[in-house]
Amino acid sequence: SALKPAFKPEGEGKVTAANSSSINDGACALIIMSLARAQELKLKPLAKILAFADAEQAPIDFTTAPALALPKALKIAGLSNNAVDLWEINQAFSVA
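## Overview of the pattern of salt bridges
- Evaluated as defined, the whole model comprises 1 salt bridge.
- The residue Glu40 makes a salt bridge to Arg37 at a minimum N-O spacing of 2.4 Å. One end of the pair, Glu40, and the other, Arg37, are both in helix H1 (residues 35-40), 3 residues apart, so they sit about a helical turn from each other.

## Points about a nonpolar patch on the surface
- A surface patch of nonpolar side chains, amounting to about 390 Å² of accessible area, comprises Ile31, Met33, Leu41 and Leu43.
- Locating Met33 in the fold gives a position in the segment before H1.
- Met33 gets classed as partly exposed once you look at its relative accessible area, which sits at 35%.

## Let's talk about helix H2 (residues 66-77)
- The first and last C-alpha atoms of H2 sit 16 Å apart over 12 residues, in line with the 16 Å expected at 1.5 Å per residue.
- For H2, the full list of buried residues reads Pro66, Ala69, Ala73 and Leu74. Around the axis of H2, the buried residues are gathered within 135° of arc, so they sit on the same side. For H2, exposure combined with an orientation more than 90 degrees from the buried face picks out Ala67 and Lys75.
- Positive backbone phi, approximately 75°, marks Gly78, located one or two places after H2.

About the thresholds
- Residues numbered from 1 in each chain as written.
- Predicted model: local features only at pLDDT ≥ 70, side-chain atom pairs only at ≥ 80, totals over all residues.
- Heavy atoms only, no water.
- Salt bridge = Lys/Arg side-chain N within 4 Å of Asp/Glu carboxyl O.
- Helix = DSSP H or I, 4+ residues; strand = E, 2+ residues; numbered from the N terminus.
- Patch = residues over 30% accessible without salt bridge, like charges linked within 9 Å, V, L, I, M, F, W, Y side chains within 5 Å.
- Areas by Shrake-Rupley, 256 points an atom, 1.4 Å probe, with all protein chains shown as cover.
- Buried < 20%, exposed > 50% of the residue type's maximum accessible area, 1.4 Å probe, protein only.
- Expected span 1.5 Å × (residues − 1).
- Arc of directions from axis to C-beta.

Written out as structure tokens, the structure is:
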């Protein structure tokens, strides 16, 4: 590619502006607030965050890090895999 790598010096990196995101990328917005604030604004919550977790591993394996974070989040929430009807995993990357 004629484009410069985004994360490593030229000639060493492989991720460029052209190959890092496909044409079907989208965007979204999420407003997070306390229940008290939602009630104050007379808003009805659409969801509740029960837990979150993160994980890391060697840069070569960054795409599989969610597989390490999911069990942590489930444990914090007191849930099992069977309690989840649908998983959506949006793995953003940051590898230096």
